[in-house]
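Below are the chains, spelled out letter by letter.
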Amino acid sequence: MSSTLSVINSQYHRSFDINDYKPLEKGTFSLEFDREKQTGRKFSDSTKLRYLVKSSERPNFDLREGYPDRYIKMDRSMKEGLSHMLEWILKENYVLQPGTFVGRRGYLTKILTTPYETNEGWLLAVSLFNGTYYFREMETEAARRFKETRNARLEEMAYWGYKFEHYMCADEPNGKPNTKGVVNSNEGYYTVVESKINEHTLLFSGEVDCKNETPLYQTAPSYYVELKTNAKLVNQNKNYQFRRYKLLKWWAQSFLAGVPLIVAGFRTEDGIVKETKPYKTSEIPALAAADSRSWKPTMCMEFINAFLSFIKSEVTQDDPG
């Protein structure tokens, strides 16, 4: 007989102190396009970390510039899974504590936001090997259909996010952005984070957009910055949708990895960023709380805690083969 775990958010109302969550960076790695195979990605010998540059008070960033001529798109048909994370563990001879959950931040973000996510489903496979739980995301039927029917507009808008990073980042500290360079979505810099949620230990990787060189931020992950784009908030409904859905995902993604700052570029419908705005990750829940129908971070944390406990109770056969 199979067991189930409720996702109804009203059932997760205990007061979880989110200040108890303290992620620690255990290492980093970079990825780049595998030019030998001409497909997929591989570990890079050089760091792909970039550095935040101060944006103009009145930006006029054309996110369409360079598309598609200077764009090397990642092959989304290549299922990387945990391959790079496992490669890092082996390379570093990292000792996993019994009962650790190993995965990618993207998986955990979906779990964390589940009590309030009404549009997107997810499917995870979990394996228990030598006392460690390994997460792997499986493609849902809805995700497969979306990928197959993705139109040219959505393909171009995916490029816009990468292009925004080129306006906001430099390859060296105190450098200048190379806005005419090639946008290569295969390249990335990743932090490897260990954290605890109650008695559960997590080890996961997450891509980092850039580093903040401000002297206030001296150590990882406190000097990392997440970069985001969003359509301009032109009316009350847009503002509500932004606080209810977009800020939830932004908060969850950055909170999990300990990234304290998000810089958003607000764009027109034709891809011109006219405003950038910083958001402190720790202050996002208060922004969302301005609407009584919005989400609560404590409920998100209570759910992921219950989910991890549920996995331990259900996945009990070690090394099933």
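About the cut-offs
- Every chain begins its residue count from 1, and numbering advances along the sequence as written.
- Only residues with pLDDT of 70 or above have their local features reported here, since the model is predicted, and side-chain atom pairs are shown and tallied only from 80 upward, although totals for entire chains, interfaces and linings are computed over all residues.
- Hydrogens and water molecules were not included; the side-chain quantities draw on all heavy atoms of the structure.
- Salt bridges are defined as contacts in which a side-chain nitrogen from Lys or Arg sits within 4 Å of a carboxyl oxygen from Asp or Glu.
- Helix and strand labels come from DSSP, where a helix needs a run of H or I of at least four residues and a strand needs a run of E of at least two; each type is numbered from the N terminus.
- Using a 1.4 Å probe on the protein chains alone, a residue whose accessible area is under 20% of its type maximum counts as buried, one over 50% counts as exposed, and one in between counts as partly exposed.
- Any two strands with at least two DSSP bridges between them are considered paired.
- Inter-axis angles, ranging from 0 to 180 degrees, are taken between N-to-C directions of lines fitted to C-alpha atoms, where helices are fitted over the stretch in contact.
- Residues are treated as being in contact if the distance between any of their heavy atoms lies within 4.5 Å.
- Here a helix's expected span is defined as the number of its residues, less one, multiplied by 1.5 Å.
- Any residue with an atom within 4 Å of a point lines the site, the site being either a cavity, points on a 1 Å grid over the protein atoms alone where a 1.4 Å probe fits but cannot get out, or a pocket, an open set with protein on both sides within 12 Å along at least 5 of 7 lines.
- Grid points are joined across faces, edges and corners, and a volume is the space filled by probe spheres set on the points.
- The nonpolar class holds Ala, Val, Leu, Ile, Met, Phe, Trp, Tyr, Cys and Pro. Asp, Glu, Lys and Arg form the charged class, and all remaining residues, Gly among them, are polar.
- For this analysis, a ring pair means two rings from Phe, Tyr or Trp (six-membered ring only for Trp) whose centres lie within 6.5 Å, classed as stacked if their planes differ by under 30 degrees, edge-to-face if by over 60, and tilted for the remaining angles.

**Structural notes on the pattern of salt bridges**
Where charged atoms of side chains with opposite charge meet at close range, the side chains can pair.
Piece 1. Summed over the entire model, instances satisfying the criterion amount to 26 salt bridges.
Piece 2. For Glu226, the salt bridge goes to Arg105, with nearest N and O atoms at 3.9 Å. In this pair, Glu226 sits in strand β14 (residues 224-231) while Arg105 sits in helix α2 (residues 105-113), placing the two residues 121 residues apart along the sequence.
Piece 3. Of the charged contacts in the structure, one is a salt bridge between Arg293 and Asp291, with a shortest N-O distance of 3.1 Å.
Piece 4. Note on Asp291: relative accessible area 13%, which makes it buried.
Piece 5. Bridged by salt links that share partners, the residues Glu65, Arg70, Lys163 and Lys180 form one connected network.

**Details of the pairing of strand β8 (residues 132-138)**
Piece 1. As paired strands, strand β6 (residues 101-104) and β8 are joined by two bridges and run parallel to one another. Note on β8: the bridge partner recorded for Val102 is Tyr134.
Piece 2. Pairing of strand β7 (residues 123-129) with β8 involves seven bridges; the strand directions are antiparallel. By the bridge assignment for β8, Leu128 is matched with Tyr133.
Piece 3. Once β7 ends, the chain turns through two residues before running back antiparallel as β8, passing Asn130 with a positive phi of about 50°.

**Looking at the sheet that holds strand β11 (residues 188-197)**
Piece 1. Read across the open sheet, the seven strands follow the order β2-β1-β11-β12-β6-β8-β7; overall the sheet is mixed. Two strands bound the open sheet, and with one partner strand each, they are β2 (41-43) and β7. Each strand axis lies, on average, 30° off the axis of its neighbour in the sheet, ignoring direction.
Piece 2. The pairing of strand β1 (residues 24-33) with β2 spans three bridges and is classified as antiparallel. Residue pairing across strands places Leu31 opposite Phe43, the latter belonging to β2.
Piece 3. Together, β6, β7, β8, β11 and β12 (200-208) form the strand contacts of helix α7 (residues 297-314), whose direction differs from that of β12 by roughly 120°.

**Topic: α7**
Piece 1. Between its first and last C-alpha, α7 extends 26 Å over 18 residues, near the 26 Å set by a 1.5 Å rise per residue.
Piece 2. Within α7, the full set of buried residues consists of Pro297, Met299, Cys300, Met301, Glu302, Phe303, Ile304, Asn305, Phe307, Leu308 and Ile311.

**So, the layout of surface pockets**
Piece 1. Roughly 460 Å³ of internal volume is contained in the second largest pocket.
Piece 2. Put simply, the parts of the chain that give the lining of the second largest pocket at least two residues each are α4 (152-168), β9 (169-170), β10 (183-184), β11 and β12.
Piece 3. With three residues, the top contributor of residues to the lining of the second largest pocket is α4.
Piece 4. Split by residue class, the lining of the second largest pocket holds ten nonpolar, seven polar and eight charged.

**A few points about the packing of aromatic side chains**
Piece 1. Within this structure, the stated rule accounts for 23 aromatic pairs.
Piece 2. Geometrically, the ring pair formed by Tyr12 and Phe303 is edge-to-face, given 5.3 Å between the ring centres and 90° between the ring planes. Of this pair, Tyr12 sits in the segment before β1 while Phe303 is found in helix α7, placing the two residues 291 residues apart along the sequence.
Piece 3. Exposure remark for Tyr12: the relative accessible area of 9% places this residue in the buried category.
Piece 4. The class of Phe303 is buried, set by a relative accessible area of 1%.

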